[in-house]
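# Inside the fold
Take a look at the letters that make up each chain.
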Amino acid sequence: MAVIHGRKPVNGHVTTPITTPAVQDRTPVVYAWAAARIALGWVFLWAFVDKMFGLGFATPAAKAWVNGGSPTTGFLKGSGENALGGFFSGLAGQAWVDWLFMLGLLGVGAALILGAGLRIAAGAGATMMLLMWAAQLPLETNPFMDDHIVYAIVLIGLAAAHAGDTLGIGARWGKTALVKRFPILK
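Residues numbered from 1 in each chain as written. Predicted model: local features only at pLDDT ≥ 70, side-chain atom pairs only at ≥ 80, totals over all residues. Heavy atoms only, no water.

Together, Phe53, Leu55, Phe57 and Val66 give the surface a local cluster of nonpolar side chains, amounting to about 440 Å² of exposed area. With respect to the secondary-structure elements, Leu55 resides in the loop between helix H1 (27–53) and helix H2 (73–77). Overall, Leu55 belongs to the partly exposed group, its relative accessible area being 42%. (Patch = residues over 30% accessible without salt bridge, like charges linked within 9 Å, V, L, I, M, F, W, Y side chains within 5 Å. Areas by Shrake-Rupley, 256 points an atom, 1.4 Å probe, with all protein chains shown as cover. Salt bridge = Lys/Arg side-chain N within 4 Å of Asp/Glu carboxyl O. Helix = DSSP H or I, 4+ residues; strand = E, 2+ residues; numbered from the N terminus. Buried < 20%, exposed > 50% of the residue type's maximum accessible area, 1.4 Å probe, protein only.)

Shown next as structure tokens:
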């Protein structure tokens, strides 16, 4: 317990010293957020790399984007039977959707790993996650919650916690003239 020294008169009476809980060491917290940031960044970046080159994990080489495959077709065409399937199936394989999706994976992944631009990365990544969640409605294993919602919440938490300042370039990035002029880039 930390003690604030001295006594304060209250209604003519002298009180005992005021105590407050000790400030906890925040080091484990900032490192936990930094680890979560880097791990989630890798999830996004790996999805980009695998879909781009078809490394055989989620995407076979024949369906790689560099080999003419569409990174959105498999997931979006598979949503046809779902509540919003007609809308999402119509987007499958369109070049502009493929480009936005791949740029989103790359941008969010790189921003998270570097620790810079977390506000935009959190917004873009959360939007991607919510759209992927909506494409799967109704969910098979839970009325509304799945990993896409959890990732969206974590992305927002990472930006709010300034997770890029620890084990990343976020603190330096935040001091640049560009970010000072446009704080959304933090």
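Here the focus is the packing of H1 against helix H4 (residues 95–114). The interhelical angle for the contact between H1 and H4, taken along N-to-C directions, is 145°, at an axis separation of 7 Å. Crossing angle aside, the handedness with which H1 passes H4 is left-handed. For the pair H1 and H4, the contacting residues are Arg37, Ile38, Leu40, Gly41, Trp42, Phe44, Leu45, Ala47, Phe48, Lys51 and Met52 in the first and Phe101, Met102, Leu105, Leu106, Val108, Gly109, Ala110, Leu112, Ile113 and Leu114 in the second. Of the residues that constitute the contact of H1 with H4, the class distribution is 17 nonpolar, 2 polar and 2 charged. (Axes fitted to C-alpha atoms, helices over the stretch in contact; angles between N-to-C directions. Left-handed = near helix turned anticlockwise from the far one by under 90°. Contact = heavy atoms within 4.5 Å. Nonpolar A, V, L, I, M, F, W, Y, C, P; charged D, E, K, R; others polar.)

So, on to the layout of surface pockets. Computed from the structure, the largest pocket encloses a volume of approximately 880 Å³. Around the largest pocket, the lining comprises 34 residues; the ones closest to its centre are Thr72, Phe75, Phe101, Met128 and Met132. Those elements giving two or more residues to the lining of the largest pocket turn out to be H1, H2, helix H3 (85–91), H4, helix H5 (118–135) and helix H6 (147–160). Of the residues that constitute the lining of the largest pocket, the class distribution is 22 nonpolar, 9 polar and 3 charged. (1 Å grid on protein atoms, 1.4 Å probe; cavity = no way out; pocket = protein on both sides within 12 Å on 5 of 7 lines; lining within 4 Å. Points joined across faces, edges and corners; volume = space filled by probe spheres on them.)

Among the structural elements, Asp146 can be located in the loop between H5 and H6. Put simply, Asp146 is tucked away with no salt bridge, and the nearest opposite charge, on Lys51, sits 15 Å away. The contacts of Asp146, once residues within four sequence positions are left out, are Trp133, Gln136 and Leu139. (Lys, Arg positive; Asp, Glu negative; His and termini not counted.)

Moving on: H4. Between its first and last C-alpha atoms H4 spans 28 Å; for 20 residues at 1.5 Å apiece the expected length is 28 Å, and the two agree. On its buried face, H4 is in contact with H1, H2, H3, H5 and H6. Count one or two residues on from H4 and you reach Gly115, which has phi positive near 90°. (Expected span 1.5 Å × (residues − 1).)

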